[in-house]
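Understanding the architecture of this molecule
Here is how the chains run, residue by residue.
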Amino acid sequence: MAQPPPQVPPSTITPQPKRTGIHLAVNGKPYLHAGDPEMPLLWWLRDYLQLTGTKYACGIGACGACMVLVDGKPEHACLLPMQALAGRAVTTVEGLAASDGTFSALQDAWVSEDAIQCGYCQAGQLIAAHALLRKHPQPGDAELDALPNLCRCGAYPRMRRAIQHAAAARKDGKP
Ligand code: FES
Ligand code: FES
């Protein structure tokens with residue numbers, strides 16, 4: 001006698017929507033992130049793109065070591081999930097120089113004022129200074145005092161001089 005077909009229990013698996021990925025630009029190049037949409041941008045930049053200039057320090061948006069530009073505005077990459085970046089343009093410290101590697105006026109000033117001590121905070125400092133000069137081409141004391149990034153080496157006076165140096169160079173018509 002033929003056996004009845006086995007009873008298959010109903011599946012308890014809930015189908016997930018298909019991941020189509022997140023398109024974004026980094027330093028002017030297009031990328032697709034098809035992994036976890038909750039991954040912080042900082043992880044993706046450092047571990048997937050090998051853009052290790054941007055640093056991990058506090059991880060809670062308090063120090064600025066992970067600062068990058070998103071659509072031209074400074075943001076903390078440690079706090080930004082990849083899903084917040086669809087269609088957006090990210091600039092890291094590696095993207096501040098021209099495509100042929102020529103330093104910007106700010107980077108030149110950073111070198112000539114010897115602004116760096118240990119260097120750990122410096123990617124974030126450069127990004128914050130770049131954004132400041134975009135908004136205030138000739139920043140005064142109030143704007144410089146309001147820069148949020150921390151430097152445990154206390155290199156603030158040298159970085160401040162570098163920003164003023166870059167602002168003066170721009171006033172003279174340099175890029
Ligand atoms: S590591 Fe992101 S703000 Fe400190
Ligand atoms: S240069 Fe060392 S933490 Fe800023």
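Predicted, not measured: the structure shown is a model, and the values here were computed from it. (Residues numbered from 1 in each chain as written. Chains lettered and ligands numbered in written order. Predicted model: local features only at pLDDT ≥ 70, side-chain atom pairs only at ≥ 80, totals over all residues.)

Below, the discussion takes up the overall build of the chain. Within the chain, the secondary structure is distributed over five helices and five strands. Each helix and strand of the chain, placed in order from N terminus to C terminus, yields the pattern β-β-α-β-β-β-α-α-α-α. Here the C-alpha atoms of the chain give a radius of gyration of 22 Å, more than 25% beyond the 16 Å that 2.2 N^0.38 yields for 175 residues. With respect to the principal axes defined by its C-alpha atoms, the chain has extents near 95 × 30 × 25 Å. The proportion of buried residues among the 175 residues of the chain is 34%. Counted over contacts in the chain with a minimum sequence separation of 6, partners at least 24 positions apart contribute 67%. (Helix = DSSP H or I, 4+ residues; strand = E, 2+ residues; numbered from the N terminus. Rg over C-alpha atoms; globule rule 2.2 N^0.38 Å. Buried ≥ 20, exposed ≤ 12 C-beta atoms within 10 Å, placed from the backbone. Contact = placed C-beta atoms within 7 Å.)

Attention now goes to the domain arrangement of the chain. Along its sequence, the chain is organised into domain 1 (22–95) and domain 2 (105–171). If you average the C-alpha positions of domain 1 and of domain 2, the two centres end up 21 Å apart. The partner domain 2 presents 12 residues to the 14 residues of domain 1 that form the contact. Elements that contribute at least two residues to the side of domain 1 that touches domain 2 include exactly strand E3 (67–70) and strand E4 (73–76). (Domains from an automatic or database assignment.)

Over its 14 residues, helix H3 (residues 122–135) runs 20 Å from end to end, which matches the ideal 20 Å to within 8%, given 1.5 Å per residue. Listing the buried residues of H3 in full gives Gln122, Ala123, Gly124, Gln125, Leu126, Ile127, Ala128, Ala129, His130 and Leu132. (Expected span 1.5 Å × (residues − 1).)

When you line up the elements, Ile127 lands in helix H3. Judged by the 26 C-beta atoms lying within 10 Å of it, Ile127 falls in the buried class. Sequence separation between Ile127 and Pro74 is 53 residues, and the spatial gap between their C-alpha atoms is 7.0 Å. In contact with Ile127, other than residues within four places in its own chain, are Met67, Val68, Leu69, Pro74 and Val93.

All right, on to the sheet that holds strand E5 (residues 89–91) then. Reading across from one edge, E2-E1-E5-E3-E4 is the order of the five strands in this open sheet, with mixed pairing throughout. Strands with a single pairing partner mark the edges of an open sheet, and in this sheet they are strand E2 (29–33) and E4. Neighbour to neighbour, the strand axes of the sheet diverge by 40° on average, direction disregarded. Summarising the sheet, E3 and E4 pair through four bridges and their orientation is antiparallel. (Pairing = 2+ DSSP bridges. Axes fitted to C-alpha atoms, helices over the stretch in contact; angles between N-to-C directions.)

Glancing now at the nonpolar core. Residues Leu41, Ala77, Leu126 and Ile127 are the most contacted members of the largest nonpolar core, which totals 41 residues. Going through the elements one at a time, strand E1 (22–26), helix H1 (41–48), E3, helix H2 (105–112), H3 and helix H5 (156–171) are the ones with two or more residues in this core. Per element, the largest residue contribution to this core is six residues, and it comes from H3. (Core = buried A, V, L, I, M, F, W, Y, C linked by C-beta atoms within 7 Å.)

Turning our eyes to something else, we now look at the environment of Lys55. In this structure, Lys55 sits in the loop between H1 and E3. Residue class for Lys55 comes out buried when judged on the 21 C-beta atoms lying within 10 Å of it. Counting along the chain gives 69 residues from Lys55 to Gly124, while the straight-line C-alpha distance between them is 7.8 Å. Leave out the neighbours within four places in its chain, and Lys55 touches Ala65, Cys66, Tyr120, Ala123 and Gly124.

One non-glycine residue, Asn27, adopts positive backbone phi at about 50°. Looking at the secondary structure, you find Asn27 in the loop between E1 and E2. Residue Asn27 is classed as buried on the basis of its 20 C-beta neighbours within 10 Å. Backbone geometry at Gln50 places phi at a positive 60°, although glycine is not the residue there. Note that Gln50 resides in the loop between H1 and E3.

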